[in-house]
Amino acid sequence: FNLGVVGAMVLLFWLIGQSILVIGTLCIWCMVTWAVTIPTFWVVTLYNLKNGNIPMPSGARRFFEAAYGWVPLLTFVCYVIIAMMAQLRLDVIHHL
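Okay, so let's go over this structure. The numbers attached to residues start from 1 for each chain and follow its sequence in the written order. Confidence filtering applies because this is a predicted model: local features only for residues at pLDDT of at least 70, side-chain atom pairs given and counted only at 80 or more, and all residues used for totals across whole chains, interfaces and linings. Calculated side-chain values reflect all of the structure's heavy atoms, with hydrogen atoms and water omitted.

## What to know about the overall build of the protein chain
What counts here: The secondary structure listing takes helices from DSSP runs of H or I that are at least 4 residues long and strands from runs of E that are at least 2 residues long, numbered from the N terminus. Classification of residues uses two cut-offs on accessible area relative to the type maximum, computed with a 1.4 Å probe and protein chains only: under 20% is buried, over 50% is exposed, and between them is partly exposed. Every accessible area reported is derived by Shrake-Rupley at a probe size of 1.4 Å, with residue values counting cover from the shown protein chains alone.
Helix and strand counts for the protein chain come out as five helices and zero strands. When the helices and strands of the protein chain are placed in sequence order, the string is α-α-α-α-α. Expressed along its principal axes, the backbone C-alpha trace of the protein chain runs to roughly 50 × 25 × 15 Å. Here the protein chain, with 96 residues, has 29% of them falling under the buried criterion. Summed over all atoms, the accessible surface of the protein chain reaches about 6400 Å², with 74% contributed by carbon and sulfur.

Here it is in structure tokens:
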């Protein structure tokens, strides 16, 4: 399942690049996909790492157990990075 979520993130990065850098617009359906895929990636990956579903040393497992509580912040940071990319490339705020 985690490999599928990683694949979804790779597709997500491609969609972001195509939408912002190539097409030059923000596709609402793409953004809905981004809003769902990013937290799903963090939750699934950190859950698997903290529970040992992905083999890790015990020290790393403790780190990921602590990081699991930071999923909302990690998700928000990803959203801010995407918003900054859109602002720098498309000047979104000016067009609102």
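## Description of the state of the cysteines
Threshold: For this text, the term disulfide refers to a pair of cysteine sulfurs within 2.5 Å.
Applying the stated criterion across every chain yields a total of zero disulfides. Free cysteine: C27, not disulfide-bonded; nearest cysteine sulfur from C30 at 3.2 Å. We classify C27 as partly exposed; its relative accessible area is 28%. Considering cysteine sulfurs only, C30 is the nearest to C78, which forms no disulfide, with 17 Å between them. Residue classification places C78 among the buried residues on the basis of a relative accessible area of 19%.

## Some details on the packing of helix α2 (residues 28-50) against helix α3 (residues 58-67)
What counts here: An axis is simply a line fitted to the C-alpha atoms; with a helix, the fit covers only the stretch in contact. Between two such axes, the angle follows the N-to-C directions and lies from 0 to 180 degrees. Helix crossings are classified by the rotation of the near helix relative to the far one: an anticlockwise turn of less than a right angle makes the crossing left-handed, while a clockwise turn makes it right-handed. Note on definitions: a residue-residue contact is assigned when non-hydrogen atoms from the two residues lie within 4.5 Å. Only Asp, Glu, Lys and Arg are considered charged in this grouping, and only Ala, Val, Leu, Ile, Met, Phe, Trp, Tyr, Cys and Pro are considered nonpolar; every other residue, Gly among them, is considered polar.
α3 packs onto α2 with a crossing angle of 145 degrees between their chain directions and a minimal axis gap of 8 Å. Remark: the crossing between α2 and α3 carries left-handed chirality. Note on element contacts: α3 touches α2 through R61, F64, E65 and A67, opposite L46, L49 and K50. By residue class, the composition of the contact of α2 with α3 is four nonpolar, no polar and three charged.

## What about α2?
Along an α-helix, a turn takes 3.6 residues, which lines up residues three or four apart on a common side. Applicable threshold: Helix span, as expected, comes to 1.5 Å for every residue beyond the first.
Over its 23 residues, α2 extends 34 Å from the first C-alpha to the last, a length consistent with the 33 Å expected when each residue adds 1.5 Å. Among the residues of α2, those classed as buried are C30, W34, T37, I38, F41, V44, T45, L46, N48, L49 and K50. Residues of α2 that are buried sit in contact with α1 (2-23), α3 and α4 (71-90). After α2 finishes, the residue G52 shows a positive phi value of roughly 80 degrees.

## As for the packing of aromatic side chains
Convention followed: The pairing test for Phe, Tyr and Trp rings, Trp by its six-membered ring, is centres within 6.5 Å, and the orientation test on the planes gives stacked under 30 degrees, edge-to-face over 60, and tilted for anything in between. In this scheme, Lys NZ or Arg CZ marks a charge over a ring once it lies within 6 Å of the ring centre and within 35 degrees of the ring normal.
Counted by the stated rule, this structure contains three aromatic pairs. Judged by centre distance (5.2 Å) and plane angle (65 degrees), the rings of F41 and W42 are edge-to-face. Note on F41: relative accessible area 16%, which makes it buried. Both rings, one in F63 and one in F64, keep their centres 5.2 Å apart while their planes meet at 70 degrees; by these two values the pair is edge-to-face. Residue classification places F63 among the exposed positions, given a relative accessible area of 55%. Assessed through its relative accessible area of 18%, F64 is described here as buried. Residue placement shows K50 over the ring face of Y68; its charged tip is 4.5 Å from the ring centre.

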